[in-house]
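Single-letter residue listing:
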Amino acid sequence: MSARPHTSALYGVSCVVLNADHGGCVLEYLMVLGGLVGLFFGGEALVRGSVGIAQRMAMPPLLIGLTVVGFGTSTPELLVSVGAALRGVPDIALGNVIGSNIANILLIVGLSSLVWPIRVSGDTLKRDTAVMMVAAVVLIPVFALGEIGRVAGMILFIALVAYLVFAYRQSRKAPIADENDLSSLGDRPQMAMPVALVWVVGGLAALMVGADFMVDGAVTIARTFGVSEAFIGLTIVAVGTSLPELATSLIAALRKQSEIAIGNIVGSNIFNILGILGLTAVIAPIPVASRFITFDLPVMIAVSLVLTLLLRRPVIGRGIGIVMLIGYAGYVWSAR
């Protein structure tokens, strides 16, 4: 068994790694683990604080799920994708977004439906799943250009702003939810505004550190083992940045709040495409590898369509949830 020196991507810290067939630098695995922890707890704190602020503004639960919670749980994707693009690893930046959307639907919706069958009805969610589908399909011509440039990124972000304005105006026409509905989103429905702001700031700080560790550790592990950066971005990084969505949806499912569980996923997917890709491309244009055009994007569009159709049903039961989890395992296997 041979050993060779290796310099970690984080702050130039050196360590010795074993032969790539047997293992890698312990520091890099600790970086990824630390990044996961930071992303999870940072996302939880950000969502808790954001929901506290939204409750003080008397926003309806579904709108909170689609906007405030959706944006809050997408912040890890934003920080990781921007960091990856600035570090010159666009496959991780792009794979993170595409992989997160696929994981949100197949993995998180699948797990949530196992916890409690999802029952959602109403025109609002149908409207927003339609927005999610349109956003996914729009990526076809964008990816065909071979690069998501600053102009395309700005158009995507403007589309997100337009969606938020429209969703907010529509919510004003809906009845304001009562305190019991709002309490399902957090343990402290009467959270004071200063306390909510502390949660938000602390969550953002943890997310920034976690994203930095996640990107550096994942890139180095991929290069150590000869695994493509795209695959790492589509799987490990994507699932890691989706942990806040997972926690939020599972908690909502346990509390039998289907609107929050599914609204969080739909809103997060819209934010990922229009906001995360848009802002990342504005900061640093993202080259698009051919595999995203021929395989990963079609899969994301297909599973988005599946979710859209499933939400026309009265319930997403446990049987469907199991099929979705099997589908996700199959995707990860094929993505290699």
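The structure presented is a predicted model; accordingly, all values stated were derived computationally and were not measured.

J.: Got a minute to help me understand the overall build of the protein chain in this structure?
T.: In terms of regular secondary structure, the protein chain is built from 12 helices and 4 strands. For the protein chain, buried positions account for 54% of its 336 residues. At a minimum sequence separation of 6, the contacts of the protein chain that also span at least 24 residues come to 84%. As presented, the protein chain carries roughly 14000 Å² of accessible surface, and 69% of it is formed by carbon and sulfur atoms.

J.: What am I meant to see in the packing of helix H11 (residues 290-310) against helix H12 (residues 318-335) here?
T.: Each pair of packed helices gets described by two things: the angle between the helix axes and the distance between those axes. At a minimum axis separation of 12 Å, H11 and H12 run at an interaxial angle of 175°. One way to sum up the angle between H11 and H12 is to call them roughly antiparallel. In contact with Arg291, Phe295, Asp296, Val299 and Leu310 of H11, H12 contributes Ile320, Met324, Tyr331, Ser334 and Ala335.

J.: Please clarify how a nonpolar patch on the surface should be interpreted in this entry.
T.: Taken together, Val26, Leu30, Leu33, Val37, Phe40 and Phe41 make up a surface patch of nonpolar side chains, about 570 Å² in accessible area. Summarising the element assignment, phenylalanine 41 is placed in helix H1 (residues 26-56). Phenylalanine 41 gets classed as exposed once you look at its relative accessible area, which sits at 54%.

J.: Explain the confidence of the model for the protein chain to me, please; I cannot follow it from the model alone.
T.: Mean pLDDT over the protein chain works out to 79, with 80% of the residues at or above the 70 mark. Across the protein chain, the secondary-structure element scoring lowest on mean pLDDT is strand S1 (residues 3-7), at 41, and the one scoring highest is H11, at 95. A low-confidence stretch, residues 1-23 stays under pLDDT 50, and its non-local contacts, those more than four residues away or across chains, total 41 contacts. The low-confidence segment residues 176-188, where pLDDT is below 50, has 24 contacts with residues more than four positions distant or belonging to other chains.

J.: Teacher, can you tell me more about the side chain of threonine 280 here?
T.: Looking at where threonine 280 falls in the secondary structure, it is placed in helix H10 (residues 258-283). Looking at threonine 280, the relative accessible area reads 1%, which means it is buried.

J.: Would you mind going over the nonpolar core with me for this structure?
T.: For soluble globular proteins, the rule of thumb is that nonpolar side chains tend to be buried together. One finds Leu94, Ile102, Phe143, Ile148, Leu277 and Leu307 to be the most contacted residues of the largest nonpolar core, which totals 59 residues. Among all residues touching isoleucine 148, those that are not within four sequence positions of it are Leu94, Val142, Phe143, Gly153, Leu277, Ala281, Pro285, Ile286 and Val288. Counting 21 residues, the second-largest nonpolar core is a separate cluster that includes Ile92, Ala93, Met214 and Ala284.

J.: Could you clarify how one ought to interpret the packing of helix H3 (residues 90-115) against H12 in this entry?
T.: Where H3 meets H12, the axes come as close as 8 Å, and the angle between the chain directions of the two elements is 150°. As H3 packs across H12, the resulting crossing turns out to be left-handed. Across the interface between the two elements, Ile102, Ala103, Ile105, Leu106, Leu107, Val109, Gly110, Leu111, Ser113, Leu114 and Val115 of H3 pack against Arg318, Gly321, Ile322, Met324, Leu325, Gly327, Tyr328 and Tyr331 of H12.

J.: It is not clear to me how the packing of aromatic side chains should be interpreted in this structure. Could you clarify?
T.: For any two aromatic rings, the description comes down to two numbers: the centre-to-centre distance and the angle of the planes. For the structure shown, the criterion picks out 2 aromatic pairs. Both rings, one in phenylalanine 295 and one in tyrosine 331, keep their centres 5.8 Å apart while their planes meet at 15°; by these two values the pair is stacked. Highlighted residues: phenylalanine 295 in helix H11 and tyrosine 331 in helix H12, separated in sequence by 36 residues. Residue phenylalanine 295 is classed as partly exposed on the basis of its relative accessible area, which comes to 27%. Look at tyrosine 328 and tyrosine 331: their rings are 6.4 Å apart centre to centre, the planes differ by 40°, and that puts the pair in the tilted class. Remark: tyrosine 331 and tyrosine 328 occur in helix H12; sequence separation between them is 3 residues, near one turn of the helix. Accessibility classification places tyrosine 328 together with tyrosine 331 in one group, the buried group. Within the aromatic cluster, the residues linked to one another by ring pairs are Phe295, Tyr328 and Tyr331.

Conventions and cut-offs
- Residues numbered from 1 in each chain as written.
- Predicted model: local features only at pLDDT ≥ 70, side-chain atom pairs only at ≥ 80, totals over all residues.
- Heavy atoms only, no water.
- Helix = DSSP H or I, 4+ residues; strand = E, 2+ residues; numbered from the N terminus.
- Buried < 20%, exposed > 50% of the residue type's maximum accessible area, 1.4 Å probe, protein only.
- Contact = heavy atoms within 4.5 Å.
- Areas by Shrake-Rupley, 256 points an atom, 1.4 Å probe, with all protein chains shown as cover.
- Axes fitted to C-alpha atoms, helices over the stretch in contact; angles between N-to-C directions.
- Parallel < 35°, antiparallel > 145°, perpendicular 65-115°, else oblique.
- Patch = residues over 30% accessible without salt bridge, like charges linked within 9 Å, V, L, I, M, F, W, Y side chains within 5 Å.
- Salt bridge = Lys/Arg side-chain N within 4 Å of Asp/Glu carboxyl O.
- pLDDT = per-residue confidence, 0-100.
- Core = buried A, V, L, I, M, F, W, Y, C linked by side-chain atoms within 4.5 Å.
- Left-handed = near helix turned anticlockwise from the far one by under 90°.
- Phe/Tyr/Trp six-rings, centres within 6.5 Å; stacked < 30°, edge-to-face > 60°.

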